[in-house]
Amino acid sequence: MRLRLVTVIALLRAGSTIATGSQQPFDAYESSSATQPILTPEFGKAVQEIMDAHLIPGLTLAVVRKDGLSEFGAWGKKSEDGAAVTTDTLFNIGSCSKAFLAAAIGLLIDDYAHGRNATPLPSGLPTLTWKTKVADILPDDWELSDPWATEKANLIDILSHQSGLPSHDLAYKPGNSTLSATRNLRNLRPSYELRESYLYNNQMYMVGAQIVTALSGVSFVEFVEGRIFKPLNMTSSTYSVNAAIKSGKASQTWDPTGRLIPHWIKENYTDLMAGPGGVISNVEELSAWVKVHLNGGVDPRTNTTVVPPSALEAATSAHSIADSTPQSSVYSIRGYGMGWARFSYAGHDFIQHTGGAPGVSATIAAALGDGIAVIALVNADLKQPVMIDLSFVIARKLFGMPDALEALPEPNVPHNPESLPAWPAPHRVDMACEMDAAPAADLTGTYDDLGYGSLTLCSAQSESSACQSVLRDLRSIEGTSGVHNLTAGYLFAAWESVFTHHVVLVPLAERRFLLMAGTVYPAGYGRNTTPFAHWLGPPDSVEFVLRDDGSVKGFGIGAVGERGGYGSVEDDAEVWFVKRDKN
């Protein structure tokens, strides 16, 4: 913590004196004011200190001003070979992509309002607005487990995270589409009633992408490319990881400890993940996107409207309360619009979103009334808090706020899961206390859940070829990565989802476990062939339930309290797997 504070102070005090150095040069574009530059070489040295302290391989920054002046900076490496990050290096931006989905729906609403629509609305639907019911748009595909929520949920509800469904991020798999994900929602349990609470959910942005596809006559990806990327000259920006790699501009990705890992998004689920987290871009092109927000939907370079002002207002206005109490006196409470959070910091009105996934950390923050924004992209996961700190240090310098530590509380936007699944520090998976022996009941076997599919739990004693294959992977990391002694009551399985290949159940008590989900790399990755694991987190709770005769009925996953905590594990769990009869 002290290092983080000292670095923040150093950044605040980094002046505008030009100094020599080996960093990627800072570029200023369209300078139309005498505003003092922020991204000076001296400031860059302080940025490098942050990177060294927090194991950040590569970082790019943009300081965007409404009047046209932008500054770009780049540090570190984009490849295992040591190729330098540049300001046009491409990064996946994770959940910062959600704003593009909200804008796309806003464009559709405007199209229908002005007779520019490519397809007619579904029968019986006279117009399209933000309060249009999802069931009226996708009558054959939309259904939740709660009939009332199915009937009443509108576009604002699902895009402001008020659907009542928890993340269920392990329920969607490679090969799924936005259509199949939408149809699977009926099989997933809610944690709250509709509009009862803010609860972050990526799958509602898959539904949003499906709506764009259904109403526009083209795929969601094609719609954004044609209506947003092309007008803004975002020629390198893409939803295709293969295209990004082929361009030679894509950064490789690392885990929080510095291990190289594969790109999390794969070409075969571009359609599925485009809405919630699929944009691949760079700070130069994202600055054009942000300038549209600073200028009320207008591209200042061409003086043309790219996103209707009404759409921007709807997306950036708070519709749900994400944090009901401020973190400190300099923050307001935090609301959530559609693809943007909304709050004030030290009296300045901000929209902001973060993005996180394996190998991805991003943040975009814009002070609309002040006409300034900061973009930060990193090629490693779990770096969002550092990037948020850095963004607000830059904002304070732009605001001319004092440098004194006592006047500047450490910046840290209230925690929120504005990302693809949160990825914990490695030590977070070492909390379990192993049992001395395996549970009395045989917990191994195949379990089923309609929303998640089938899962075959194994133990170190399991003899099937499938179980032995998973065991070999886990043996490679035994003694590390939270996996200490596989013979001491551990259970494990292969679990293919967008984010995982393996799950491990670490024993706590006779029928209670911690679930770790992620990917084991038994042969390492890249040039480092040392085995390691990259876990999705934080670990979730698991509890098995036995029948009166001692046989296993099933197990529940999830925080019981969110569903009320007044019933049984079977009733309260976010996910309930039923054990399959061996016969």
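Residues numbered from 1 in each chain as written. Predicted model: local features only at pLDDT ≥ 70, side-chain atom pairs only at ≥ 80, totals over all residues. Heavy atoms only, no water.

**A few points about the pairing of strand β17 (residues 453-457)**
Looking at chain direction, strand β16 (residues 445-449) and β17 are connected through 5 bridges and run antiparallel. Paired with G445 across the bridge in β17 is L457. Counting the residues between successive antiparallel strands, the hairpin from β16 to β17 contains 3 residues. (Pairing = 2+ DSSP bridges. Helix = DSSP H or I, 4+ residues; strand = E, 2+ residues; numbered from the N terminus.)

**With respect to the nonpolar core**
One finds F100, W142, F220, W289 and F544 to be the most contacted residues of the largest nonpolar core, which totals 106 residues. At 11 residues, the largest contribution of residues to this core is made by helix α3 (residues 98-113). Contacts of W289, omitting those with residues within four sequence positions, involve A99, F100, A103, I228, L232, M234, V307 and W340. Ranked by size, the runner-up nonpolar core spans 21 residues in total, among them L39, I56, V386 and L390. (Core = buried A, V, L, I, M, F, W, Y, C linked by side-chain atoms within 4.5 Å. Buried < 20%, exposed > 50% of the residue type's maximum accessible area, 1.4 Å probe, protein only. Contact = heavy atoms within 4.5 Å.)

**What about empty space enclosed by the protein?**
By the definition in use, this model includes 6 cavities of 30 Å³ or more. By volume, the largest cavity is sized at about 140 Å³. Every residue lining the largest cavity is counted, 17 residues in all, and those nearest its centre are F91, N92, S251, T253 and H263. Listing elements by their share of the lining of the largest cavity, those giving two or more residues are β4 (91-92) and α10 (241-246). Residue composition of the lining of the largest cavity, grouped by class: 10 nonpolar, 7 polar and no charged. (1 Å grid on protein atoms, 1.4 Å probe; cavity = no way out; pocket = protein on both sides within 12 Å on 5 of 7 lines; lining within 4 Å. Points joined across faces, edges and corners; volume = space filled by probe spheres on them. Nonpolar A, V, L, I, M, F, W, Y, C, P; charged D, E, K, R; others polar.)

**Quick notes on the state of the cysteines**
Summed over the entire model, instances satisfying the criterion amount to 1 disulfide. Bridging C458 to C467, the disulfide has an S-S length of 2.0 Å. Disulfide C458-C467: the torsion about the S-S bond is -70°, which places it as left-handed. Judged by its relative accessible area of 2%, C458 falls in the buried class. For C467, a relative accessible area of 6% translates into the label buried. (Disulfide = S-S within 2.5 Å.)

**Focus on helix α15 (residues 465-475)**
Looking at α15, one finds that the buried residues are C467, V470, L471, D473 and L474. Taken end-on, α15 shows its buried residues confined to a sector of 160°, consistent with a single buried face. Every exposed residue of α15 that faces more than 90 degrees away from the buried side is listed here: S465 and R472. Tucked inside the fold, the buried residues of α15 contact β18 (491-494), β19 (502-507), β20 (512-521) and β21 (532-546). (Arc of directions from axis to C-beta.)

**Comments concerning helix α8 (residues 203-216)**
Over its 14 residues, α8 runs 20 Å from end to end, which matches the ideal 20 Å to within 8%, given 1.5 Å per residue. Most of α8 is tucked away: 12 of the 14 residues are buried. Turning to α8, its buried residues number three or more, namely Q203, M204, Y205, M206, V207, G208, A209, Q210, I211, V212, L215 and S216. G217 lies just past α8 and shows a positive phi near 85°. (Expected span 1.5 Å × (residues − 1).)

**A word on the packing of aromatic side chains**
Tallying each qualifying case throughout the model produces 25 aromatic pairs. Ring geometry for W264 and F499: centres 5.5 Å apart, planes at 20°, overall stacked. On the criterion of sequence distance, the pair formed by W264 in the loop between β6 (260-261) and α11 (270-277) and F499 in the loop between β18 and β19 is long-range, its members being 235 residues apart. Residue classification places W264 among the buried residues on the basis of a relative accessible area of 6%. The exposure class of F499 is buried, given its relative accessible area of 5%. A centroid spacing of 6.0 Å and a plane angle of 10° characterise the contact between F343 and F350, whose relative ring orientation is stacked. For the pair shown, F343 and F350 are each scored as buried. One aromatic cluster is present, built from ring pairs that chain together Y447, Y452, W495, F513, F544, F555 and F577. Its guanidinium or amino end placed over the ring of Y205, K98 lies 5.4 Å from that ring's centre, counting from NZ or CZ. (Phe/Tyr/Trp six-rings, centres within 6.5 Å; stacked < 30°, edge-to-face > 60°. Lys NZ or Arg CZ within 6 Å of the ring centre and 35° of its normal.)

**Let's talk about the packing of helix α2 (residues 41-53) against helix α14 (residues 384-399)**
How two helices pack is summed up by the angle between their axes together with the distance between the axes. Interaxial distance between α2 and α14 falls to 12 Å at its minimum, and their mutual angle equals 160°. In terms of their interaxial angle, α2 and α14 are classed as roughly antiparallel. Handedness of the crossing formed by α2 with α14: right-handed. Residues F43, V47 and I50 of α2 form the contact with α14, whose own contacting residues are V386, L390, I394 and K397. Across the contact of α2 with α14, the residue classes break down as 6 nonpolar, no polar and 1 charged. (Axes fitted to C-alpha atoms, helices over the stretch in contact; angles between N-to-C directions. Parallel < 35°, antiparallel > 145°, perpendicular 65-115°, else oblique. Left-handed = near helix turned anticlockwise from the far one by under 90°.)

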